Amino acid sequence: MEDLFTDTPMDTPIEGEVAEPAPIDTPVDTPEPVPDPKVPLDGQTVIIDNPSIMPSQEPAEGVETVPDEDTVTPTPVPDYSDLLAEVQNQSEYLETISADIQICNQQVSNIQNAMPVMVVCLGIITGILLLQILSSYIRH
């Protein structure tokens, strides 16, 4: 029981036990077979460069053919003029919005600069009113 509560590492053998070495697996280097490039793998198609096949002949099954140049239809280039006009309109709109925001910011800063003056004016007016009230009490 005392052995369970000791501070010995788990990997070290306890007295009287012999540690067995772990088996070492060594991989064996076996060369992998190289597939023959002429033999097709499963699911692959073979392109044969055989001059005996004439263009008028049908190619064998599994051989890919390339269409003639005349049969390929070119992809039309999309017209982006509408999108460009819309982007220009949006950029003009953003410019007007930014100008309006600058005007609003300027007005807010003007109001903030005027606040101390307004407080002083209100202080003077309330002071005058309080003096009038006090003087009316003194007269009576």
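Before reading further, recall that the structure is shown in the block above.
These notes cover the structure that comes with them. Remember, predicted model here, so these are calculated numbers, not experimental data. (Residues numbered from 1 in each chain as written. Predicted model: local features only at pLDDT ≥ 70, side-chain atom pairs only at ≥ 80, totals over all residues. Heavy atoms only, no water.)

**Considerations on the overall build of the protein**
In step 1: Scanning the protein from terminus to terminus reveals 1 helix and 0 strands.
In step 2: As displayed, the protein has an accessible area near 14,400 Å², and 61% of this comes from carbon and sulfur atoms. (Helix = DSSP H or I, 4+ residues; strand = E, 2+ residues; numbered from the N terminus. Areas by Shrake-Rupley, 256 points an atom, 1.4 Å probe, with all protein chains shown as cover.)

**Quick look at a nonpolar patch on the surface**
In step 1: A surface patch of nonpolar side chains, amounting to about 340 Å² of accessible area, comprises Tyr80, Leu83 and Leu84.
In step 2: By the element assignment, Leu83 lies in helix α1 (residues 81-139).
In step 3: Owing to a relative accessible area of 49%, Leu83 belongs among the partly exposed residues under this scheme. (Patch = residues over 30% accessible without salt bridge, like charges linked within 9 Å, V, L, I, M, F, W, Y side chains within 5 Å. Salt bridge = Lys/Arg side-chain N within 4 Å of Asp/Glu carboxyl O. Buried < 20%, exposed > 50% of the residue type's maximum accessible area, 1.4 Å probe, protein only.)

**What about α1?**
In step 1: Between its first and last C-alpha, α1 extends 85 Å over 59 residues, near the 87 Å set by a 1.5 Å rise per residue.
In step 2: Of all the bends in α1, the greatest reaches close to 35° and is centred on Met115; the proline Pro116 follows between one and four positions later. (Expected span 1.5 Å × (residues − 1). Bend = angle between axes of the 7 residues up to and from the residue.)

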